[in-house]
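Residue-level structure breakdown
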Amino acid sequence: QKEVEQNSGPLSVPEGAIASLNCTYSDRGSQSFFWYRQYSGKSPELIMFIYSNGDKEDGRFTAQLNKASQYVSLLIRDSQPSDSATYLCAVKDGGSNYKLTFGKGTLLTVNP
Amino acid sequence: GAVVSQHPSWVICKSGTSVKIECRSLDFQATTMFWYRQFPKQSLMLMATSNEGSKATYEQGVEKDKFLINHASLTLSTLTVTSAHPEDSSFYICSARDPGGGTDTQYFGPGTRLTVL
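The structure presented is a predicted model; accordingly, all values stated were derived computationally and were not measured.

Further remarks concern the overall build of chain B. If you tally the helices and strands in chain B, you get zero helices and 11 strands. Starting at the N terminus and walking to the C terminus, you meet the elements of chain B as β-β-β-β-β-β-β-β-β-β-β. Against the 2.2 N^0.38 benchmark of 13 Å for 117 residues, chain B shows a C-alpha radius of gyration of 14 Å, consistent with a compact globule. Taken along the three principal axes of its C-alpha coordinates, chain B extends 45 × 25 × 20 Å. Counting across all 117 residues of chain B, residues that qualify as buried make up 51%. Taking the contacts inside chain B whose residues are at least 6 apart along the sequence as the reference set, 54% of them involve residues at least 24 apart. Summed over its atoms, the accessible surface of chain B is roughly 5,600 Å², and 53% of this surface lies on carbon and sulfur atoms. Charge separation in chain B, taken as the distance between the mean sites of 10 positive and 10 negative side-chain charges, equals 6 Å.

So this is what it looks like as structure tokens:
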């Protein structure tokens, strides 16, 4: 059973701070890792994907991947109230079924 | 970026009727689409994988005769909830796999909120 674990939160940070969201996965064969943001009542929106160990930066967002530790994280710099949402970590294995395994999500609240 | 649409965005129906939801990839061809269901304050639950030109693959516990999936073209998949009951009321979301650019990423539609009376 492939599992993706996230701290459900809520994670509360002040505006302008760095928000750190963490995710661990059980399948060592996992190849691709995705972060989605989901506002209440809306569908998930892709923020970033990462395939290789290390950091990947896109604007205020940085994804970090450590395959040896089976750990992926998302850092949000200069957090804004508009970043308040549930952040979903998703993992794709190396097989051909293309399915994603989602974590249950971390609720982030950025306080003005 | 890749755009996926869903129609309708919301629907209310009477118990026992059938409802069809459409999912379209607007700017890319999607050989694979996925259908999810999400109940309030719960995570996404994958219902089935829809493959163009072949039968859908259903997740364990999902009734294939109740949730009919048709992936008739490279840009359209439909989900029909047959003989809907109040317990089928949920947020149904599709996603489409974009294999282009080497990203092999899933993009989500805006979702369809189904209420069965």
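Moving on from the coordinates now.
Each side of the interface is counted separately: chain B has 23 residues, and chain A has 19 residues. Interface area for chain B against chain A, summed over the two sides, is near 1,500 Å², with a carbon-plus-sulfur share of 57%. It is S43, Q106 and F108 of chain B that lose the most area in chain B upon contact with chain A, and together they represent 26% of the buried surface on that side. At the junction of chain B and chain A, the tally comes to one salt bridge. A salt bridge links K99 of chain A to E59 of chain B, with the shortest nitrogen-to-oxygen separation between them at 3.0 Å. On the surface where chain B and chain A come into contact, there are seven residue pairs in polar contact (both at pLDDT 80 or more). When residues of the side of chain B that touches chain A are traced back to their parent elements, those giving at least two are β4 (32-38), β5 (45-51), β9 (90-98) and β10 (105-108) of chain B.

It is worth spelling out the pattern of salt bridges at this point. Residues and elements named next belong to chain A. Overall, the coordinates contain six salt bridges over all chains when judged by the stated rule. One salt bridge connects E57 with R77, and the closest N-O pair in it is separated by 3.5 Å. Here E57, found in strand β6 (residues 54-58), pairs with R77, found in the loop between β8 (71-76) and β9 (85-93); they are 20 residues apart in sequence, far enough to count as distant. R77 sits in the partly exposed class, given a relative accessible area of 26%.

The next subject is the state of the cysteines. Under the definition given, this model contains two disulfides over all chains. Disulfide pairing is shown between C23 of chain A and C89 of chain A; the S-S distance is 2.1 Å. With the S-S bond torsion at -70°, the cross-link from C23 of chain A to C89 of chain A turns out left-handed. Note that C23 of chain A is positioned in strand β3 (residues 19-25) and C89 of chain A in strand β9, a separation of 66 residues in sequence. Across this residue pair, the class does not change: C23 of chain A and C89 of chain A are buried. Considering cysteine sulfurs only, C94 of chain B is the nearest to C13 of chain B, which forms no disulfide, with 18 Å between them.

Taken together, the side chains of W10, I12 and L117 of chain B define a hydrophobic patch exposed on the protein surface, amounting to about 390 Å² of accessible area. Residue placement: L117 of chain B occurs in the segment after β11 (112-116).

All names here are of chain A. The strand order β1-β3-β8-β7-β6 describes an open sheet built from five strands, whose pairing is antiparallel. Only two strands of the sheet have a single neighbouring strand rather than two, namely β1 (4-6) and β6. Each strand axis lies, on average, 20° off the axis of its neighbour in the sheet, ignoring direction. Across six bridges, strand β7 (residues 61-66) lies against β8 in antiparallel orientation.

The rules we used
Each chain carries its own residue numbering, running from 1 in the direction its sequence is written. Chain A is the first chain written and ligand 1 is the first ligand written, with later ones labelled in order. In keeping with the predicted nature of the model, local features appear solely for residues at pLDDT of at least 70, side-chain atom pairs appear and are counted solely at 80 or more, and the whole-chain, interface and lining totals rest on all residues. The side-chain values count all of the structure's non-hydrogen atoms but skip hydrogen atoms and water molecules. In this text, helices come from DSSP runs of H or I with a minimum length of four residues, and strands from runs of E with a minimum of two, each type numbered from the N-terminal end. Both definitions apply: the radius of gyration is a C-alpha atom measure, and the globule rule equals 2.2 Å times residues to the power 0.38. Exposure is judged per residue with a 1.4 Å probe applied to protein chains only, and the accessible area is read against the type maximum: over 50% gives exposed, under 20% gives buried, and values in between give partly exposed. Contact definition: two residues touch when any of their heavy atoms are within 4.5 Å. Each accessible area value is a Shrake-Rupley result obtained with a 1.4 Å probe; residue values ignore everything except the protein chains displayed when judging cover. The charge count includes Lys and Arg as positive and Asp and Glu as negative, but it does not include His or the ends of the chains. We put the charge of a Lys on NZ, of an Arg on CZ, of an Asp on CG and of a Glu on CD. When two parts are brought into contact, each loses some accessible area as probed by a 1.4 Å sphere; the total of that loss over both is the buried area. Within this document, salt bridges are pairs made up of a side-chain nitrogen of Lys or Arg and a carboxyl oxygen of Asp or Glu, the two lying within 4 Å of each other. Contacts described as polar in this section are N or O atom pairs within 3.5 Å, which, within protein, must combine one atom able to donate a hydrogen with one able to accept it, while residues neighboring in sequence count only if both atoms come from side chains. Two cysteine sulfur atoms make up a disulfide if the distance between them is within 2.5 Å. What makes a patch is a set of residues exposed beyond 30% relative accessible area and free of salt bridges, joined within 9 Å when like-charged and within 5 Å when nonpolar (Val, Leu, Ile, Met, Phe, Trp, Tyr). Strand pairing is assigned whenever DSSP detects at least two bridges linking the two strands. Think of each axis as a best-fit line through the C-alpha atoms, taken over the contacting stretch in the case of a helix, with angles from 0 to 180 degrees between the N-to-C directions.

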